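# Notes for the structure review
Spelled out, the chains give:
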Amino acid sequence: MLIEKEQVIGVLRSVEDPELHLDIWTLGLIYDFQIRDKFIGIKMTFTSPMCPFGPQIVNEIKEKLINLASDHKIDIDLVFMPPWQPSEEVREMLGV
């Protein structure tokens, strides 16, 4: 099965940060992703390194990507450099 970039973005847009009530794609928590052969790799961060919902978010991403592409290996690489900085648009959405 061929997985398209837009399908992965759709999955990422469907995963909401439980504290901020915005999806992780719009929040800018996804720094990069790759699709090749039977592999989907996600490079992402959290709003803070001690995010209490981090494991829940990662599990939801994995579950949804497996539902999309059950024959693909899913790898999520958590990074905290650079630290997350909300865009001006996200700051407005959050009211800060």
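Heads up: the structure comes first, above all this text.
Here is a short report on the structure shown in this document. (Residues numbered from 1 in each chain as written. Predicted model: local features only at pLDDT ≥ 70, side-chain atom pairs only at ≥ 80, totals over all residues. Heavy atoms only, no water.)

### Considering the overall build of the chain
When its secondary structure is counted, the chain shows 4 helices and 3 strands. Along the chain, helices (α) and strands (β) appear in the sequence α-α-β-β-α-β-α when read from the amino end. The C-alpha radius of gyration computed for the chain amounts to 13 Å, which stays within 12% of the reference 12 Å derived for 96 residues, consistent with globular compactness. The principal-axis extent of the C-alpha atoms belonging to the chain is close to 40 × 25 × 20 Å. Considering the chain as a whole, with its 96 residues, one finds that 38% of them fall into the buried category. A separation of at least 24 residues holds for 64% of the contacts in the chain among residues at least 6 apart in sequence. (Helix = DSSP H or I, 4+ residues; strand = E, 2+ residues; numbered from the N terminus. Rg over C-alpha atoms; globule rule 2.2 N^0.38 Å. Buried < 20%, exposed > 50% of the residue type's maximum accessible area, 1.4 Å probe, protein only. Contact = heavy atoms within 4.5 Å.)

### Notes on the pairing of strand E3 (residues 73-78)
Direction of pairing for strand E2 (residues 39-44) relative to E3: parallel, over a ladder of 6 bridges. Paired with Ile-42 across the two strands is Ile-76, which belongs to E3. (Pairing = 2+ DSSP bridges.)

### Here's the deal with helix H3 (residues 54-68)
Residues separated by three or four positions in an α-helix point in the same direction, a consequence of the helix having 3.6 residues per turn. Look at H3: 21 Å from first C-alpha to last across 15 residues, which is about the 21 Å you get at 1.5 Å a residue. Elements in contact with the buried residues of H3: helix H1 (5-13), helix H2 (24-27), E2 and E3. (Expected span 1.5 Å × (residues − 1).)

### Comments concerning the sheet that holds strand E1 (residues 30-36)
Overall, mixed pairing links the 3 strands, which are arranged E1-E2-E3 in an open sheet. Each edge of the open sheet carries a strand with a single partner, namely E1 and E3. Strand after strand, the sheet turns through a mean of 10° between neighbouring axes, direction not considered. When E1 meets E2, the two strands line up antiparallel, connected through 6 bridges. When the sheet's bridge partners are listed, Asp-32 is paired in E2 with Lys-43. (Axes fitted to C-alpha atoms, helices over the stretch in contact; angles between N-to-C directions.)

### Considering the packing of H1 against H3
Where H1 meets H3, the closest approach of the two axes is 10 Å, and the angle between their N-to-C directions is 145°. Judged by the sense of rotation from one axis to the other, the crossing of H1 with H3 is right-handed. The residues of H3 that touch H1, namely those facing Gln-7, Val-8, Val-11 and Leu-12, are Ile-61, Lys-64, Leu-65 and Leu-68. Split into classes, the residues belonging to the contact of H1 with H3 amount to 6 nonpolar, 1 polar and 1 charged. (Left-handed = near helix turned anticlockwise from the far one by under 90°. Nonpolar A, V, L, I, M, F, W, Y, C, P; charged D, E, K, R; others polar.)

### Looking at the packing of aromatic side chains
Counted under the stated rule, the structure contains 2 aromatic pairs. Between Trp-25 and Phe-33, the aromatic rings sit 6.1 Å apart at their centres with planes inclined by 65°, giving edge-to-face as the arrangement. Summarising the aromatic geometry, the rings of Phe-46 and Phe-80 are spaced 6.0 Å apart at their centres and angled 55° between planes, so their arrangement reads as tilted. Within this pair, whereas Phe-46 is found in the loop between E2 and H3, its partner Phe-80 is found in the loop between E3 and helix H4 (88-94), the two being separated by 34 residues in sequence. Look at Phe-46 and you get buried, because its relative accessible area is 6%. (Phe/Tyr/Trp six-rings, centres within 6.5 Å; stacked < 30°, edge-to-face > 60°.)

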